[in-house]
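Inside the fold
Below are the chains, spelled out letter by letter.
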Amino acid sequence: MATQMNPKATEPTSEQLKALAEAAWAVRENAYTFGHTKVGAAALSVNGEIFIGCNVEHRFRSHDVHAEVNAITSMITAGRTQLIAVVIAAERERFTPCGSCMDWIYQFGGPSCRVGYQSKPGGEITILTAEELMPYYPM
């Protein structure tokens, strides 16, 4: 099966980023955690649809599902395979996806996929590209 990358993702509009952040904060409320960090994520498909996910922690921790992966797999479940952007909502000064989540982002969004985070509702959304976050990712 061919890799489902979109190496030439378009940049989301400011309205789309705002909608992604609002959706991420809303779904963050559903996070199931044992730790202190609730995370929400919203993924934007190439056709403008938003898919959401939150972190779901498992008592054995090795089975945790991260919010970014939850949102991306929701997108895939709906039959969409091209990712333009992901916005993450977490009450931390800085929050970027882990390496495993970046694998998912690269697989479906490619190096130009926009990855954003927001540390408080309505706050600034910091946007980076997947390539900026992982400049030596093997292509």
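Keep in mind the model is a prediction, meaning the values are calculated, not measured. (Residues numbered from 1 in each chain as written. Predicted model: local features only at pLDDT ≥ 70, side-chain atom pairs only at ≥ 80, totals over all residues. Heavy atoms only, no water.)

This brings us to helix α1 (residues 14-28). Between the first and last C-alpha of α1 there are 21 Å, a value that for 15 residues agrees with the 21 Å anticipated at 1.5 Å per step. Along α1, the residues classified as buried are L17, L20, A21, A23, A24, W25, V27 and R28. Here the buried face of α1 lies against β1 (39-45), β2 (50-54), β3 (83-90), β4 (114-118) and β5 (126-129). (Helix = DSSP H or I, 4+ residues; strand = E, 2+ residues; numbered from the N terminus. Expected span 1.5 Å × (residues − 1). Buried < 20%, exposed > 50% of the residue type's maximum accessible area, 1.4 Å probe, protein only. Contact = heavy atoms within 4.5 Å.)

The next thing to look at is the nonpolar core. Ranked by size, the top nonpolar core spans 22 residues in total, and within it V39, L83, V86, I88, I105 and A130 carry the most contacts. Taken together, the elements giving at least two residues each to this core come down to β1, α2 (67-77), β3, α3 (99-109) and β4. Ignoring anything within four residues of it in the chain, the contact list for I88 reads V39, G40, A41, E68, F95, P97, V115, G116, Y117 and Q118. (Core = buried A, V, L, I, M, F, W, Y, C linked by side-chain atoms within 4.5 Å.)

Quick look at the pattern of salt bridges now. Working definition: two side chains of opposite charge can pair if their charged atoms are close together. The full count for this structure, using the stated rule, is six salt bridges. A salt bridge links R114 to E11, with the shortest nitrogen-to-oxygen separation between them at 3.1 Å. Here E11 lies in the segment before α1 and R114 lies in strand β4, a separation of 103 residues in the sequence. Given a relative accessible area of 15%, R114 falls into the buried group. (Salt bridge = Lys/Arg side-chain N within 4 Å of Asp/Glu carboxyl O.)

With respect to the helices, strands and loops of the structure, A89 is situated in strand β3. On a C-alpha basis, the gap between A89 and K38 in space is 8.4 Å, while along the polypeptide they are 51 residues apart. Excluding anything up to four places from it in sequence, A89 contacts A24, W25, R28, K38, V39, G40 and Q118.

On the basis of which strands lie adjacent, the open sheet formed by five strands has the order β2-β1-β3-β4-β5 and mixed pairing. Of all strands in the sheet, those bounded by a partner on one side alone are β2 and β5. Across the sheet, the mean angle from the axis of one strand to that of its neighbour is 20°, orientation sign disregarded. The sheet contact formed by β1 and β3 spans seven bridges and is antiparallel. Residue pairing for β3: A42 is matched across the bridge by V87. Packed onto the sheet, α1 meets β1, β2, β3, β4 and β5 and runs at close to 140° relative to β1. Along the sheet face, α2 touches β1, β2 and β3 and points at about 140° away from the line of β2. (Pairing = 2+ DSSP bridges. Axes fitted to C-alpha atoms, helices over the stretch in contact; angles between N-to-C directions.)

Of note, the phi angle at R61 is positive, near 50°, even though the residue is not glycine. Structurally, the position occupied by R61 is in the loop between β2 and α2.

With that settled, the discussion passes to the packing of aromatic side chains. By the definition in use, this model includes three aromatic pairs. Between W104 and F108, the aromatic rings sit 6.2 Å apart at their centres with planes inclined by 25°, giving stacked as the arrangement. Here F108 and W104 lie together in helix α3, a separation of four residues that amounts to about one turn. Judged by relative accessible area, which is 30%, W104 ranks as partly exposed. (Phe/Tyr/Trp six-rings, centres within 6.5 Å; stacked < 30°, edge-to-face > 60°.)

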